[in-house]
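Summary of the model geometry
Spelled out, the chains give:
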Amino acid sequence: MEKKGSKFLVFELCDEYYAVSAKSTREIIRIMEITEVPKAPPFIKGVINLRGKIIPVIDLRIKFALREKPYDEKTCIIIIEINEQEKIRPMGVIVDTVSEVVSIMDEEIAPPPEFNNQSQMDFLYGIGKIRDRIIWLLNLDKIVSCDELIVINELKEDV
Amino acid sequence: MGLDVVKTQIAKMGGRIEIKNTKGQGCSFIMKMPINMAIIKGTIVEIAGNQYIIPTLSINTIFKPQQEQWVSVKGVKNMIKLRENIIPLINIDKILGVEDFDKSKCVFVVLESGQKLKALPVTRIIENRDIVVKSLGVDFDDITYAFGASILGNGRIAIIFDVENLFQKGE
């Protein structure tokens, strides 16, 4: 019998591993010119021109309150599809580097730890383990709206 | 009230209304509408290193002020005199959150909305061209100074100003 698993795209941020579902990933592109939108929240870096479409780009380092790093040749933008109120729209996510696509079995995914404020947990889908590496599995559908900053910091104290 | 609704709706479509009223001769309302909603004439300007687009329909005059054209109010130079008009400035540096924006070296784009004039300081004027209006998307709903954005010939994106909103922000 075939085991049930899902594919995830693993990427690095500050030497930590995160992943998004490969299903919601559209493409990976190199860092490109980003047009700044003044007065937008700091983690929204601006908009890019992806073959004639205007797409917002967020920087996960800023969103997760990690130390900022200048972009280099390894920096990537992952174009993901966000499903918000039955509407699918693309969004660019800036990460340090994309490492691999892995298959994680459902039983290998640990549920996210519980917190007092459950609504802040929406972005964290679970915790996966690959070769003793901890991978934070993200659900980016609510990445823009939820205030995960606090959560990420709490998590670090926990693990 | 009804007139205001018409004005807002037309402004949303990128048009504007002019009123000519002469005593005893009636009143005429002139509605100016863009022919195509998706393509407008835009003037591309640079403000502190970034490019922005002003719908050309809203531009009244472009000029570089001389020293004597500045008008101070309470010790702050925030008005400009052009012919018989005293025109208030739009504090674009505050709206965009730009620091150290030297207005004295700026070119001024006088914008027109309704019957009012306001001057927008810009670093330089780049060009005037037809632009395709695109939406910035829901993530930027709070960015009220932007009407949308457009992709320029060189692939860069420039934000289109919402002139009506720039007028309201200054008041």
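Residues numbered from 1 in each chain as written. Chains lettered and ligands numbered in written order. Predicted model: local features only at pLDDT ≥ 70, side-chain atom pairs only at ≥ 80, totals over all residues.

1. Topic: the overall build of chain B
- Looking only at helices and strands, chain B features three helices and 13 strands.
- Relative to the globule expectation of 16 Å for 171 residues, the C-alpha radius of gyration of chain B, 17 Å, shows essentially globular dimensions.
- Counting only C-alpha atoms, chain B reaches 50 × 40 × 25 Å along its principal axes. (Helix = DSSP H or I, 4+ residues; strand = E, 2+ residues; numbered from the N terminus. Rg over C-alpha atoms; globule rule 2.2 N^0.38 Å.)

2. Some thoughts on the nonpolar core
- The biggest cluster of nonpolar side chains holds 70 residues, and the ones touching the most others in it are Ala19(A), Ile78(A), Val93(A), Leu138(A) and Phe161(B).
- It is strand S6 (residues 76-84) of chain A that provides the largest number of residues to this core, a total of six residues.
- Sequence-distant contacts of Phe161(B), defined by excluding residues within four places in its chain, comprise Tyr52(B), Ile53(B), Ile54(B), Tyr145(B), Ala146(B), Phe147(B) and Leu166(B). (Core = buried A, V, L, I, M, F, W, Y, C linked by C-beta atoms within 7 Å. Buried ≥ 20, exposed ≤ 12 C-beta atoms within 10 Å, placed from the backbone. Contact = placed C-beta atoms within 7 Å.)

3. Digging into the pairing of strand S1 (residues 16-21) of chain B
Residue and element names in this part refer to chain B.
- In terms of strand pairing, S1 meets strand S2 (residues 27-32) through six bridges, oriented antiparallel. Its bridge partner lying in S2, Lys20 is registered against Ser28.
- Connecting S1 to the next strand, S2, in antiparallel fashion are five residues, including Gly24 with a positive phi near 85°. (Pairing = 2+ DSSP bridges.)

4. Quick notes on the domain arrangement of chain B
Residues and elements named next belong to chain B.
- We note that the domain assignment places domain 1 (1-33) and domain 2 (35-169) within chain B.
- Inter-centroid distance (C-alpha atoms) of domain 1 to domain 2 is 23 Å.
- Listed by partner, the interface residues are five residues for domain 1 and five residues for domain 2.
- Here the side of domain 1 that touches domain 2 is composed, by residue class, of two nonpolar, one polar and two charged. (Domains from an automatic or database assignment. Nonpolar A, V, L, I, M, F, W, Y, C, P; charged D, E, K, R; others polar.)

5. Looking at unusual backbone geometry
Residue and element names in this part refer to chain A.
- Within the chain, Lys39 stands out as a residue other than glycine whose phi angle is a positive 75°.
- On the secondary structure map, Lys39 appears in the loop between strand S3 (25-30) and strand S4 (44-50).
- The backbone phi angle of Arg51 is positive, close to 45°, even though this residue is not glycine.
- Considering the arrangement of structural elements, one finds Arg51 in the loop between S4 and strand S5 (53-59).
- You can call Arg51 exposed: it has 7 C-beta atoms within 10 Å.

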